[in-house]
Amino acid sequence: MKESIFRILTNKQIAHDTYEMILRGNTEHITRPGQFVNIKLDGFYLRRPFSVCDLEGDDLTIIYKVVGSGTEKMSTLVPNEELNLLTGLGNGYDTKSSGKAPLLIGGGAGVPPLYWLAKELLAEGKQVSAILGFNTSNEVFYEAQFKKLGVSTLITTADGSYGIQGFVTDALTNLESFSYTYACGPEPMLKAVYDAAETSGQYSFEERMGCGFGACMGCTCKTLYGDKRICREGPVLVKEEIIWQG
Amino acid sequence: MKESIFRILTNKQIAHDTYEMILRGNTEHITRPGQFVNIKLDGFYLRRPFSVCDLEGDDLTIIYKVVGSGTEKMSTLVPNEELNLLTGLGNGYDTKSSGKAPLLIGGGAGVPPLYWLAKELLAEGKQVSAILGFNTSNEVFYEAQFKKLGVSTLITTADGSYGIQGFVTDALTNLESFSYTYACGPEPMLKAVYDAAETSGQYSFEERMGCGFGACMGCTCKTLYGDKRICREGPVLVKEEIIWQG
Amino acid sequence: MARLTVNLCGIELDNPIIPASGTFGFGYEFAELYDINCLGTFSFKGTTKDPRYGNPTPRIAESASGMLNAVGLQNPGVEAVISEELPKMRQVFDKPVMANVSGFSIDEYVYTASRLDVEEQVGWIELNISCPNVDGGGVAFGTSPEMAAKVTAAVRAEVKKPLIVKLSPNVTNIAAIAKACEDAGADGISLINTLLGMRIDLKTRQTLLANTTGGLSGPAILPVALRMVWETYKAVKIPIVGMGGVSSSEDVIEMMLAGATAVGIGAANLIDPYICRDIIQTLPETMDKYGISNLKDIIGGAHG
Amino acid sequence: MARLTVNLCGIELDNPIIPASGTFGFGYEFAELYDINCLGTFSFKGTTKDPRYGNPTPRIAESASGMLNAVGLQNPGVEAVISEELPKMRQVFDKPVMANVSGFSIDEYVYTASRLDVEEQVGWIELNISCPNVDGGGVAFGTSPEMAAKVTAAVRAEVKKPLIVKLSPNVTNIAAIAKACEDAGADGISLINTLLGMRIDLKTRQTLLANTTGGLSGPAILPVALRMVWETYKAVKIPIVGMGGVSSSEDVIEMMLAGATAVGIGAANLIDPYICRDIIQTLPETMDKYGISNLKDIIGGAHG
Ligand SMILES: Cc1cc2nc3c(=O)[nH]c(=O)nc-3n(C[C@H](O)[C@H](O)[C@H](O)COP(=O)(O)OP(=O)(O)OC[C@H]3O[C@@H](n4cnc5c(N)ncnc54)[C@H](O)[C@@H]3O)c2cc1C
Ligand SMILES: Cc1cc2nc3c(=O)[nH]c(=O)nc-3n(C[C@H](O)[C@H](O)[C@H](O)COP(=O)(O)OP(=O)(O)OC[C@H]3O[C@@H](n4cnc5c(N)ncnc54)[C@H](O)[C@@H]3O)c2cc1C
Ligand SMILES: Cc1cc2nc3c(=O)[nH]c(=O)nc-3n(C[C@H](O)[C@H](O)[C@H](O)COP(=O)(O)O)c2cc1C
Ligand SMILES: Cc1cc2nc3c(=O)[nH]c(=O)nc-3n(C[C@H](O)[C@H](O)[C@H](O)COP(=O)(O)O)c2cc1C
Ligand code: FES
Ligand code: FES
């Protein structure tokens, strides 16, 4: 973990209520896709956690959805403004266990970390496919980016206004066999993927966080491998350890 | 009173810990020198009150001394940033009662409102002199501006590093007779002027404020004419009504 | 507009917004800024039997997302309020107003409340029981269920208008005090008054407020206020005026979900004098956003 | 550096800065960030007799200048703390540490405190009496002078190390409770724990915290903490660890002027993990600014 100041390079809307922000700073503590950064915003007490969507040298990309007053505020920030970030948080995805043909499944604001993950898996010579689920056509983002990487990408929308109608799991039948599942998205989606996918896999969870680095026990969850802090022993859990709460 | 957004035109240091800020906005509710504005700053709950130092059409000048975290923050603001101001606050100085040769006496952060007051008195054809007191030479500001108006201006510094050594009252003997006194500055200075000046006059007071427009009773003081709110029936009191507290 | 109306102790309010006592004077300063008839009602400055100058200054200090005040109930006394303030208020406000009554003995409370009760403009008596009981060793009336019940019952016996008792949050068990007031005849509960706090000036090494301590209000106290409204809602059946840190239409809805029938807005008026008008204007839009067709439907809505 | 030292119940601290329990784990997470031997000491995560998972999530909510937590004393239990956490802590921290002890009955408090008392690394026992007393109908130990005295006396009889009792601020009369603890044998008082608060999610119309209510901490509560330290200082002779919202060297000085001998820093560690180190580094400069040559000189300095 490292606390440092990042400078905003760009901050632009890429879909309905969805923004892509590129920040420049010290990224040396970011080691794995699936890790996150925790951002201090003026006027808000707690930091806001966002997954690393892409990393190129000193340049860090996040994609965020405006859901409340903090992300609303973020959407108003302009290039050259500076933000205090804690970087290198969380365990991140393990790419080793993926097999030859991993499938990435993302829902909405869960899509971003899968982008960097796809790059890493491709760099390891794997054949990567992805199902990216959204509510409706104007919320779809990064389809072109995934495809450009060489990921065979399916898009689903709940209302059928774009791509395959339905949830991410409805697209599973459209796929050749895959060796492993990486999933990130809202908990009901994760659960549906967990139930539908026959392979092993890694699932990334969200929880309200006090610190984001393991100090407050604010984000604990139960797993079959013991109690874990989503911010430190998570956010990524392996399928075999997950316990679904009520 | 009016609440409106002002845009910063300039914000520059003019003496040790002392800044001049020019703001553009709706000034139509500012009617008299000695009135003040109450400024909302991001990150601070209460507004900060500052006297109107000058007014030219839509352009409002304030001069502020950095004394705490709010004024510290103000010193970092840059042109084009916007501030929410309540304008037209307080009674202000009455120029009618000044006689032909009013004397203005200001101490430190009490100097600013006297500048616009001087302009108004001069416009009414009066012969204006001023004694401006500071602690030390690097804190002196606006001497040239007062002189340029045509105000015969004496500067005092407590340590004698510039102008007349001593307090503003030590300069009184250097003056021809004057018809009336307008004073603004720290309370011990006001008291000294009150005791030393033989003329009638108007004295401007400071108090910690909750609202600045008469709603909270946070700033009440006792006067011989009854209880008054510094923010509304003040900040200017006439000499005859002043009661000095312990 | 009917989607904003609520019923407070038998009187219909056009909306639940009530500027809180001590932050809205007697209304006419704000009437210079906007037509205050848009308000549900307002609670006027805490009134006592005799005129009070209040505490020495400084009476105000700042803190993170909040402010401290130690005004000390400055007011011209009930006679002057009736002869001077109410007539001025009538010029600018057509609706029933809430009369905030303070006192330092039960007799004083009863006297002041009775004098105001008969004024036509007064819709409710709001009994501020955060004041020290001079006869009871200087401990605030609002800090024990027994004292709170006693003063409530004494005033209840003498006034006809709905009686709302305003509680102090500086207590171990707010629900017990609210219940004691209900049992003693209160028609409503309002809460919270300010949290006791202080600041020290590092330069002088003295307390910032001349009175040593003061009352904390503003957004800093919102979570405490919500919790106390929540606990009180569970304990009593009478309506609650919830307040403490409310500064937006979202906060109003949160307070109502916790159990408030109407919502007081205090310190926020001092920072943004138009806030009550603006909240009333934005309420319908915020309700739409959260799928609320009628405010009455959400009172206590988070209690499940 | 001697200008920063203070004496807490007979043990000299290099400086008054003490990360507060529950916000610093067992220290080793922070030791990855900086050498935590720069601290006066720290108070480790509230430890109970048995392991506790704590409350369901969400356990965290935000508010203006503050946060709510309902962690619910998650900890591995005193045996695991002794066998696993203390050895790891010893690797990174050479000084005596403060052992924060929680419980749900007097027996539990006594058991846990006694087990930790004999550990060499433990300098002080900090008894967190904000917990509900299961035998006493679920009311928190810290809410009545009698219960507070009882648990203090019981633990005092069994432990040798200095005993610091940590008070809940959710009470009518903090000074009375502090005094009761002093009379029952406490060597020090620490305060404040969190203020009880809540938030409601407008989208779901449910309480944000799964546990309904939680503890408010952060800058929002600083004025309340200062007032309670001030009142406690007047009531007791034993040293006070003051905390609640402290986030800067200025706040540390303000807390000491109110009466604190040492100063706890809680939520601020979560937002800025380097804050305690940074405060210790800037203290001398801030002291110079306010003409303070030695911190010991200003303890209770605002009491005149
Ligand atoms: C490990 C992790 C990675 C994340 N990555 C992304 C991402 O890449 N893109 C994206 O759009 N969102 C992501 N989120 C969710 C994002 O953190 C929230 O949407 C954001 O904090 C909302 O802030 P707000 O102020 O707009 O909402 P508000 O509701 O006003 O926030 C209030 C508080 O609740 C917290 N909160 C609200 N929603 C969430 C949530 N879903 N998860 C955790 N805390 C929440 C906030 O952080 C804040 O403390 C991630 C969350 C976690 C835990
Ligand atoms: C009517 C009036 C006119 C003023 N005009 C000027 C001016 O033209 N130039 C100038 O430099 N200063 C002026 N002041 C003083 C100025 O308001 C304070 O210096 C400023 O508020 C300090 O803010 P801070 O955040 O830096 O200090 P902090 O000490 O951090 O502020 C904490 C709180 O105390 C209040 N406060 C602190 N000092 C004062 C003070 N002296 N008077 C009133 N409130 C105070 C702040 O407003 C704030 O609410 C005026 C004050 C009043 C009442
Ligand atoms: C300056 C000021 C004066 C107050 N005077 C009174 C009063 O006279 N009577 C009363 O019952 N409450 C008084 N209060 C308390 C408020 O009515 C309200 O209960 C409290 O401030 C919490 O709400 P807020 O956080 O919205 O300010 C006063 C509050 C402030 C800030
Ligand atoms: C996440 C969190 C967990 C806490 N856990 C404990 C605990 O286990 N034992 C305890 O005595 N206090 C606990 N506290 C209270 C703090 O130690 C401290 O008293 C309180 O937060 C006020 O200080 P602050 O405003 O600096 O945070 C906790 C506070 C927080 C924020
Ligand atoms: S958020 Fe603090 S431990 Fe995970
Ligand atoms: S500052 Fe509120 S009445 Fe003067």
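Below: a short report on this structure. Within each chain, residues carry numbers counting from 1 in the order of the written sequence. Ligands are numbered from 1 and chains lettered from A, in the order in which they are written. Two thresholds apply to this predicted model, a pLDDT of at least 70 for residue-level local features and 80 or more for giving and counting side-chain atom pairs, whereas whole-chain, interface and lining totals are computed over all residues. With hydrogens and water stripped out, all remaining heavy atoms of the structure feed into the side-chain values.

Observations regarding the site of ligand 4
Residues and elements named next belong to chain D. Quick note on the threshold: Any residue with at least one heavy atom within 4 Å of a molecule or strand is counted as near it. By the criterion applied in these results, polar contacts are pairs of N or O atoms within 3.5 Å in which, for protein atoms, one can donate a hydrogen and the other can accept it, and in which residues neighboring in sequence qualify only through two side-chain atoms. All accessible areas in this document rest on Shrake-Rupley with a 1.4 Å probe, and a residue is counted as covered only by the protein chains that are shown. Three classes are used, and their members are as follows: Ala, Val, Leu, Ile, Met, Phe, Trp, Tyr, Cys and Pro are nonpolar, Asp, Glu, Lys and Arg are charged, and the others, Gly among them, are polar.
Close to ligand 4 lie 23 residues, the nearest being Ser21, Lys166, Gly218, Gly245 and Ala267. Within the side chain of Asn100, a nitrogen or oxygen atom sits 3.0 Å from an oxygen atom of ligand 4. Contact with the protein chains hides 97% of the accessible area of ligand 4, taken as 610 Å² for the molecule alone. Its residues assigned to classes, the shell around ligand 4 shows 7 nonpolar, 14 polar and 2 charged.

Re the interface of chain D and chain C
Convention followed: When checking whether two residues touch, look at their non-hydrogen atoms; a contact exists if any pair is within 4.5 Å. Defined in terms of a 1.4 Å probe, buried area is the accessible area two parts forfeit on being brought together, summed over both. A pair is scored as a salt bridge if a Lys or Arg side-chain nitrogen falls within 4 Å of a carboxyl oxygen belonging to Asp or Glu. Secondary structure follows DSSP: runs of H or I at least 4 residues long count as helices, runs of E at least 2 residues long count as strands, and numbering of each begins at the N terminus.
If you look at the interface, chain D gives 41 residues, while chain C gives 41 residues. Where chain D abuts chain C, roughly 3,500 Å² becomes buried across the two surfaces, and 67% of that area is made up of carbon and sulfur atoms. Counting across the chain D and chain C interface gives 2 salt bridges. Our count for the contact surface shared by chain D and chain C stands at 14 residue pairs in polar contact (both at pLDDT 80 or more). Only strand S10 (195-197), helix H6 (222-235) and helix H7 (249-258) of chain D provide two or more residues apiece to the side of chain D that touches chain C. Here the side of chain D that touches chain C takes 7 residues from H6 of chain D, the largest share from any one element.

Some remarks on the interface of chain B and chain C
Chain B puts 28 residues into the contact, and the matching count from chain C is 33 residues. With both chains or domains summed, chain B and chain C bury close to 2,500 Å², and 58% of this area falls on carbon and sulfur atoms. Contact with chain C buries area across many residues of chain B, yet Tyr45, Arg208 and Met217 of chain B alone supply 28% of it, more than any other trio. Between the two partners, chain B and chain C, sit 3 salt bridges. One salt bridge in this structure joins Arg232 of chain B and Glu32 of chain C, with 2.7 Å as the shortest N-O distance. In this structure, the connection of chain B to chain C is made through 12 residue pairs in polar contact (both at pLDDT 80 or more). Elements that contribute at least two residues to the side of chain B that touches chain C include exactly strand S14 (220-223) and strand S15 (226-229) of chain B.

Regarding the pattern of salt bridges
What counts is decided by this rule: Partly exposed describes any residue whose relative accessible area lies between the buried limit of under 20% and the exposed limit of over 50%, with all areas from a 1.4 Å probe on protein chains only and scaled to the type maximum.
One pass over the structure, following the stated rule, counts 48 salt bridges over all chains. A salt bridge links Asp278 of chain C to Arg277 of chain C, with the shortest nitrogen-to-oxygen separation between them at 3.0 Å. Its relative accessible area of 27% is what places Asp278 of chain C among the partly exposed residues. In this structure, Asp183 of chain D and Lys179 of chain D form a salt bridge, with 2.9 Å as the shortest nitrogen-oxygen distance. Separated by 4 residues within a single helix, Asp183 of chain D and Lys179 of chain D lie in helix H5 (residues 174-183), roughly one turn from each other. For Lys179 of chain D, a relative accessible area of 34% translates into the label partly exposed.

Concerning the side chain of Asn294 of chain D
Residues and elements named next belong to chain D. Within the fold, Asn294 resides in the segment after helix H9 (275-289). Within the structure, the side chain of Asn294 is placed 3.1 Å from the backbone nitrogen of Lys296, a separation counted as a polar contact. Setting aside chain neighbours within four positions, we find Asn294 in contact with Ala2, Arg3, Thr5 and Met287.

As for the sheet that holds strand S12 (residues 180-184) of chain A
Residues and elements named next belong to chain A. Stated formally: Pairing between two strands requires that DSSP report at least two bridges joining them. Lines fitted to C-alpha atoms define the axes here, with helix axes fitted over just the stretch in contact, and angles between the N-to-C directions of these axes take values from 0 to 180 degrees.
Pairing in this open sheet of 7 strands is mixed, and the strands run S11-S10-S9-S8-S12-S13-S16 from one edge to the other. Where the open sheet ends on each side, the last strands, each with one partner, are strand S11 (164-165) and strand S16 (236-238). Of the pairings in the sheet, the one linking strand S13 (residues 201-204) to S16 comprises 3 bridges and is antiparallel in character. Each bridged residue has a counterpart across the sheet, and for Gln202 the counterpart in S16 is Val238. Against the sheet, helix H2 (residues 112-123) makes contact with strand S8 (102-107) and S12, and its axis sits at roughly 170 degrees relative to S8, the strand it touches most. Helix-sheet contacts for helix H4 (residues 187-196) involve S8, S12 and S13, and the interaxial angle to S12 is about 170 degrees.

Digging into the site of ligand 2
Residue and element names in this part refer to chain B. Among the 20 residues in the neighbourhood of ligand 2, the closest are listed as Arg48, Pro49, Thr71, Glu206 and Arg208. Pro49 is positioned with one of its backbone polar atoms (N or O) 2.6 Å from an oxygen atom of ligand 2. In the environment of ligand 2, an oxygen atom lies 2.5 Å from a nitrogen or oxygen atom belonging to the side chain of Thr71. Calculation on ligand 2 without its partners gives an accessible area of 820 Å², and the protein chains cover 86% of this total. Elements that contribute at least two residues to the shell around ligand 2 include exactly strand S4 (48-51), strand S6 (59-65) and helix H1 (69-74).

Digging into the relation of the copies chain D and chain C
Rules: Overlaid copies result from least-squares superposition on C-alpha atoms, with residues included only where pLDDT is at least 70 in both.
It takes a turn of 180 degrees to lay chain D on chain C, together with a shift of 0.0 Å along the axis; the resulting RMSD is 0.0 Å. One copy is carried onto the other by what is essentially a two-fold rotation axis. A shared binding surface is used by both copies, with 100% of the interface residues of chain D retained as interface residues in chain C.

Looking at a nonpolar patch on the surface
Put simply, the rule reads: Residues with no salt bridge and a relative accessible area higher than 30% make up the patches, which join like charges within 9 Å and nonpolar side chains (Val, Leu, Ile, Met, Phe, Trp, Tyr) within 5 Å.
A grouping of Leu224, Tyr225 and Ile243 of chain A is seen on the molecular surface, where their side chains present a nonpolar patch of about 320 Å² in accessible area. Its place among the elements puts Tyr225 of chain A in the loop between strand S14 (220-223) and strand S15 (226-229).

Here we look at the pairing of strand S2 (residues 18-24) of chain B
Residue and element names in this part refer to chain B. Of all 7 residues in S2, 5 are buried; the element is thus mostly enclosed. In terms of strand pairing, strand S1 (residues 2-15) meets S2 through 7 bridges, oriented antiparallel. In the strand pairing of S2, Ala15 is matched with Thr18. Taking the residues between adjacent antiparallel strands as the criterion, S1 and S2 are bridged by 2 residues, where Asp17 takes a positive phi near 55 degrees. As paired strands, S2 and S6 are joined by 7 bridges and run antiparallel to one another. Paired with Thr18 across the strands is Lys65, a residue of S6.

Thoughts on the packing of aromatic side chains
Heads up, the rule is: Pairs were defined over the aromatic rings of Phe, Tyr and Trp, the Trp ring being its six-membered one, requiring ring centres within 6.5 Å. Orientation was assigned from the angle between planes: stacked under 30 degrees, edge-to-face over 60, tilted for the rest.
Inspection of every chain in the model, using the stated rule, returns 36 aromatic pairs over all chains. Note on Phe141 of chain A and Tyr142 of chain A: the rings are 6.1 Å apart at their centroids and 70 degrees apart in plane angle, and the pair reads as edge-to-face. Under the relative-accessibility criterion, Phe141 of chain A is labelled buried at 4%. For the pair Tyr93 of chain B and Tyr182 of chain B, a centre-to-centre distance of 5.4 Å together with 90 degrees between the ring planes defines the contact as edge-to-face. Residue Tyr93 of chain B is found in the loop between strand S7 (82-89) and strand S8 (102-107), and its partner Tyr182 of chain B is found in strand S12 (residues 180-184); the two are separated by 89 residues along the sequence. There is no split in this pair, since Tyr93 of chain B and Tyr182 of chain B are both buried.

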